[in-house]
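Per-entry structural report
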Amino acid sequence: MGMSAACRQHMRLKQILKSVCFAGEQGSIRVNPSCLISVRFRKPKFLGRAPSKEPSYFAKKHPTEKDVESNTALYRNYNAILKSLVCGFQEDLLRKQQLEATITSNELKWDEEGHHRKCMSYNEAENEKLRTVRMERIQDEITARQKFEQTKVEEKEKEAEILKGELRKQVEKVIEESKDWITLENLEEKITEAIDNPINFNFCVDEKGVIIKRTAQVL
Amino acid sequence: MPRYELALIMRLFGREKKIEALKDTIVYLLNEGHNVRNVKSLGDRGLPYQIKAHGETHFKGSYALLDIDCKIEDMNLLRRYFSNNKNIIRMTQTKYERTYAAEEPCDGMEDVDYAKKLEELKRGKLKNNVKKQSFKI
C-alpha cells in the first residue's frame, strides 16, 4: 500500500487507543484504567538519528582565526566606547574639582613658579644621576667589547703562527725530499733501478708483521 | 699541488724499449711542470682479464707506479695523454694520502669481566635492555 511510515505509526496508535479508551462525553476521552499498560513505543523514524549520538556533538569547537579577528575588533570597539564614556564622566568630575579649587586658591595664593622651579631641579638631579649610571654602563660595555676583540685577534695571531710553523716544517720536509726526486739528469738511473728491482707484493704476513712465505712473480 | 699515484699498465716490451717508454712519459710530465717523485715497477704479469686498447687485445702487461705532484686542472689533459699513448694500456690515478694514510694507533681489545656480566644477566638487568634483532633473509 502507498502509506508512509509516519501514517502507519499513527494508525497503529489509533487502534491501540480504541482498545484502551472509550468515548465518554462529547469531545473528551476516558481511559479504562484496567486496560492501561505502560508502553513506550518506538520513536518515529522520520525524526532521524539523535544529534547527540554523533561523536562530534561533544567535541570542543576551538575558535578559528576569523573568529579571533572578529572578536578582537569587537573587543576594541567596546573598549573605545567605554573609555570615551569614562573620559566624559572624568571631565565632569574635574570641572567640579576645579570650581572648588578656585575658591580655595584665592584664599591660599598658590606659588606656581616656586613649585615649578622645585620640580625642575628635582627632575634635573634625577636625570644627572641616571646619565652617570648609563655612561658607566656604556663605558663598561665598550671596554668589554674591546677586550673581546683583542683576545680574538690574539688567538687568530697565535693560530696563524702555529699554522705558519707547521707549513714551514712541511716545506722544509719537502725540500729535503726533493733531493731524491727525478730530474732530467738522473732519469735513466732511476728508471733502470726500478726496472731491474721490481717490487713483489706476493707474500703473506704473520700477526706481528713478519713475512712467512713469498711466491715468485711468474708471467 | 696534490700528490697522486699513477698506476700504469704498459704493453709488454723488452728491457730497453720499456725504459724508453717510461722515459717518454716522465719527460712529458716534467716538461708540463709536474713533479715526479719516484718510479716503481711491479714487474711483468698476466692481466686479470683481457683488455682491449688501441685496436689490440692484451693478455699480459708490465706494471709501473708513478708518484707525482700534479695540478687538479691538468688532470684531464694528463688522462687524455695516457689514453692516446700507444705504449700504455690503462692508467688509474689515486690520491696518495688516501692510499697511504697513516693508521690510527690501536690500544688493543678491552678486557671484559664476564663473571659480572653473567650475574647481571641472571638478575635480568640486561635481558630487558637487549632488543630483539630481526634479520632479513
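Fair warning: this is a prediction, and the values are worked out from it, not measured in the lab.

1. Remarks on the overall build of chain B
Along the backbone of chain B there are five helices and four strands. Seen in sequence order, chain B has helices and strands lined up from the N terminus as β-α-β-β-α-β-α-α-α. Taking all 137 residues of chain B together, 18% fall into the buried category. Residue pairs at least 24 apart in sequence account for 70% of intrachain contacts in chain B once pairs closer than 6 positions are excluded.

2. Some points on the overall build of chain A
Secondary structure assignment for chain A yields four helices and four strands. Moving toward the C terminus, one meets the helices and strands of chain A in the order α-β-β-α-α-α-β-β. Counting over 219 residues, chain A shows a buried share of 1%. For chain A, contacts bridging at least 24 residues in sequence account for 16% of all contacts bridging at least 6.

3. Some points on the interface of chain A and chain B
Interface size is commonly expressed as the accessible area that is lost once the parts come together. Counting residues at the interface gives 14 residues for chain A, matched by 19 residues for chain B. In the side of chain A that touches chain B, the residues fall into 10 nonpolar, three polar and one charged.

4. Some remarks on the sheet that holds strand β1 (residues 3–10) of chain B
Residue and element names in this part refer to chain B. The strand order across the open sheet formed by four strands is β2-β3-β1-β4, and the pairing between neighbours is antiparallel. Edge positions in the sheet fall to β2 (35–53) and β4 (88–95), since each of these pairs with one other strand and no more. Ignoring which end each strand starts from, the neighbouring axes of this sheet average 20° apart. The pairing of β1 with strand β3 (residues 56–69) spans eight bridges and is antiparallel. Bridge pairing in β3 places Tyr4 opposite Ile68.

5. Digging into the nonpolar core
Within soluble globular proteins, side chains that are nonpolar generally end up buried alongside one another. Membership of the largest hydrophobic core comes to 21 residues, with the highest contact counts inside it found for Leu8(B), Met10(B), Val39(B), Leu66(B) and Ile68(B). Among the secondary structure elements, those contributing two or more residues to this core are α4 (187–196) of chain A together with β1, α1 (15–32), β2, β3 and β4 of chain B. Sorting elements by how many residues they give to this core places β1(B) first, with five residues.

6. Here we look at the UniProt feature "coiled-coil region" (unreviewed entry) in chain A
The sites that UniProt annotates as "coiled-coil region" (unreviewed entry) are residues 146–177 of chain A. Within the segment residues 146–177 of chain A, helix and strand shares are 100% and 0% respectively, and the terminal C-alpha atoms sit 46 Å apart.

7. Observations regarding unusual backbone geometry
The phi torsion at His54(B) lies on the positive side, around 55°, for a residue other than glycine. Along the chain, His54(B) falls in the loop between β2 and β3.

8. A few points about the packing of α4(A) against α1(B)
At a minimum axis separation of 10 Å, α4(A) and α1(B) run at an interaxial angle of 130°. Accordingly, the angle class assigned to the pair α4(A) and α1(B) is oblique. Here α4(A) and α1(B) pass one another in a crossing that is right-handed. Residue-level contacts link Leu187(A), Ile191(A), Thr192(A) and Ile195(A) of α4(A) to Arg15(B), Lys18(B), Ile19(B), Leu22(B), Lys23(B) and Ile26(B) of α1(B). In the contact of α4(A) with α1(B), the residues fall into six nonpolar, one polar and three charged.

9. What about α1(B)?
Between its first and last C-alpha, α1(B) extends 26 Å over 18 residues, near the 26 Å set by a 1.5 Å rise per residue. Taken together, the buried positions of α1(B) are occupied by Lys18(B), Ala21(B), Leu22(B), Thr25(B), Ile26(B) and Leu29(B). Down the axis of α1(B), the buried set is contained in an arc of 125°. They therefore lie on one face. Turned more than 90 degrees from where α1(B) packs its buried face, Glu16(B) and Asn31(B) sit exposed. Residues of α1(B) that are buried sit in contact with α4 of chain A together with β1, β2 and β3 of chain B.

10. Considering the pairing of strand β4 (residues 211–214) of chain A
Residue and element names in this part refer to chain A. Pairing between strand β3 (residues 203–205) and β4: three bridges, direction antiparallel. Looking at β4, one finds that Phe203 is bridged to Arg214. Where β3 hands over to β4, the hairpin turn is made up of five residues, of which Gly209 adopts a positive phi near 95°.

11. Some remarks on the confidence of the model for chain A
For chain A, per-residue confidence averages 87 on the pLDDT scale, and 87% of positions sit at 70 or higher. Ranking the helices and strands of chain A by mean pLDDT puts helix α3 (residues 112–177) of chain A first, with 96, and strand β1 (residues 21–23) of chain A last, with 58.

Criteria and cut-off values
- Residues numbered from 1 in each chain as written.
- Chains lettered and ligands numbered in written order.
- Predicted model: local features only at pLDDT ≥ 70, side-chain atom pairs only at ≥ 80, totals over all residues.
- Helix = DSSP H or I, 4+ residues; strand = E, 2+ residues; numbered from the N terminus.
- Buried ≥ 20, exposed ≤ 12 C-beta atoms within 10 Å, placed from the backbone.
- Contact = placed C-beta atoms within 7 Å.
- Nonpolar A, V, L, I, M, F, W, Y, C, P; charged D, E, K, R; others polar.
- Pairing = 2+ DSSP bridges.
- Axes fitted to C-alpha atoms, helices over the stretch in contact; angles between N-to-C directions.
- Core = buried A, V, L, I, M, F, W, Y, C linked by C-beta atoms within 7 Å.
- UniProt positions renumbered as here; feature names shortened; annotations may be inferred.
- Parallel < 35°, antiparallel > 145°, perpendicular 65-115°, else oblique.
- Left-handed = near helix turned anticlockwise from the far one by under 90°.
- Expected span 1.5 Å × (residues − 1).
- Arc of directions from axis to C-beta.
- pLDDT = per-residue confidence, 0-100.

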